[in-house]
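Descriptive analysis of the structure
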Amino acid sequence: MNRFVVISGCSGGGKSTLLAALFDRGYAVVEEPGRRIVEDETKGSGSALPWIDMTAFARRAVVMALQDRDDASRYEGWVFFDRGLVDAAAALEHVTGEPALERFCQADRYHKRVFLVPPWPEIYVTDPERRHGLDAAMAEYDRLLAAYSLLGYDICILPKTGIAERADFVLQMLAGGEPAQ
């Protein structure tokens, strides 16, 4: 889907904040599957949590990401995804060795340009849903960079700037322009 745009990259790099800014500008936004899964699992006695059962967590994230794509078809214009199917499939492939990227991500494509937030140690924090440290976040970033590249996406690394500037950058890049220097 040409209008389905993924914002991915390093945990703690400002993805959710950027997506909130895009939402405030009137764009449709799909929240990160992982955060929704953690929230749901911790309400009960669920075990599909990345720190308990990463395989179950990743499988659930794949299912949720596929559903998110279907649900997002009701929106008009750009739809921004806080992570997505490639992220979930890359996690599943990493923990199980299954060819999840090939299985799930060839037919269900996003916009050709994917935006990755780079590791940004100065703003990285853990929280109840993000318990892993910066080293694990950076390893995940490297896997995602490789996965999106392998799948032929045009990877655009977001600058370490303020939220308004990042939102402007994303929208300008999608409009076919190059960002102002």
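The structure we're discussing is the one just above.
Residues numbered from 1 in each chain as written. Predicted model: local features only at pLDDT ≥ 70, side-chain atom pairs only at ≥ 80, totals over all residues. Heavy atoms only, no water.

What to know about the overall build of the protein
In terms of helices and strands, the protein carries seven helices and five strands. Here the protein holds 181 residues, and 45% of them are scored as buried. Residue pairs in contact within the protein that sit at least 24 positions apart in sequence constitute 73% of those at least 6 positions apart. Accessible surface computed for the protein: about 8900 Å², of which carbon and sulfur atoms make up 52%. (Helix = DSSP H or I, 4+ residues; strand = E, 2+ residues; numbered from the N terminus. Buried < 20%, exposed > 50% of the residue type's maximum accessible area, 1.4 Å probe, protein only. Contact = heavy atoms within 4.5 Å. Areas by Shrake-Rupley, 256 points an atom, 1.4 Å probe, with all protein chains shown as cover.)

Thoughts on the side chain of K15
Positionally, K15 belongs in helix α1 (residues 15–24). Among buried charged residues, K15 stands out as having no salt bridge; its nearest opposite-charge side chain is D82, 5.1 Å away. Of the polar contacts made by the side chain of K15, one reaches the backbone oxygen of C10; its length is 3.1 Å. (Lys, Arg positive; Asp, Glu negative; His and termini not counted. Salt bridge = Lys/Arg side-chain N within 4 Å of Asp/Glu carboxyl O. Polar contact = N/O pair within 3.5 Å; in protein donor to acceptor, adjacent residues only side chain to side chain.)

Quick look at the pattern of salt bridges
Scanning all chains against the criterion turns up ten salt bridges. Here R83 and E32 are joined by a salt bridge, their closest N and O atoms 3.4 Å apart. You can see R83 sitting in the loop between β3 (79–82) and α4 (85–96) and its partner E32 sitting in the loop between β2 (28–30) and α2 (33–43), a full 51 residues away along the chain. R83 is paired through a salt bridge with D87; the nearest N and O atoms lie 2.9 Å apart.

Topic: α4
Here α4 spans 16 Å end to end across twelve residues, near enough to the 16 Å set by a 1.5 Å rise per residue. The complete set of buried residues in α4 reads L85, V86, D87, A88, A89, A90, A91 and L92. Positioned one or two residues after α4, G97 has a phi angle of 80 degrees, which is positive. (Expected span 1.5 Å × (residues − 1).)

Structural notes on the sheet that holds strand β1 (residues 4–9)
With parallel pairing, the five strands of this open sheet are ordered in space as β2-β3-β1-β4-β5. At either end of the open sheet lies a strand with only one pairing partner, and these are β2 and β5 (154–157). Taken pair by pair, the neighbouring strands of this sheet meet at an average axis angle of 25 degrees, ignoring direction. Relative to β3, β1 is paired through four bridges, and the arrangement is parallel. Within β3, the residue paired with V5 across the bridge is F80. (Pairing = 2+ DSSP bridges. Axes fitted to C-alpha atoms, helices over the stretch in contact; angles between N-to-C directions.)

Examining the packing of aromatic side chains
Scanning the model with the defined rule gives four aromatic pairs in all. Measuring from ring centre to ring centre gives 5.6 Å for Y27 and F80, while their planes differ by 90 degrees; the resulting arrangement is edge-to-face. Taken together, the positions of Y27 in the loop between α1 and β2 and F80 in strand β3 put the pair 53 residues apart, joining distant regions of the chain. Looking at Y27, the relative accessible area reads 25%, which means it is partly exposed. Three or more aromatic residues link up through ring pairs in this structure, and these residues are F4, F81 and Y110. Across the ring face of Y110, the terminal group of R69 is positioned such that the distance to the ring centre comes to 4.5 Å. One cation-aromatic arrangement involves R109 over Y153; the distance from NZ or CZ to the ring centre is 4.2 Å. (Phe/Tyr/Trp six-rings, centres within 6.5 Å; stacked < 30°, edge-to-face > 60°. Lys NZ or Arg CZ within 6 Å of the ring centre and 35° of its normal.)

A few points about the packing of α1 against helix α7 (residues 163–174)
Put simply, α1 and α7 touch, their axes get as near as 9 Å, and they point 70 degrees apart. Comparing the axis directions of α1 and α7 gives the class roughly perpendicular. Of α7, the residues touching α1 (which contributes T17, L18, A21 and L22) are I163, R166, A167, V170 and L171. When grouped by side-chain class, the residues that make up the contact of α1 with α7 number seven nonpolar, one polar and one charged. (Parallel < 35°, antiparallel > 145°, perpendicular 65-115°, else oblique. Nonpolar A, V, L, I, M, F, W, Y, C, P; charged D, E, K, R; others polar.)

Some points on the pairing of β1
Counting buried positions along β1 yields six of six residues, so the element is predominantly enclosed. Along β1, one buried face is formed by F4, V6 and S8 and the opposite face, lined by V5, I7 and G9, is buried too. For β1 and strand β4 (residues 113–117), the ladder comprises three bridges, and the chain directions are parallel. Its bridge partner being in β4, G9 is matched across the sheet by V117.

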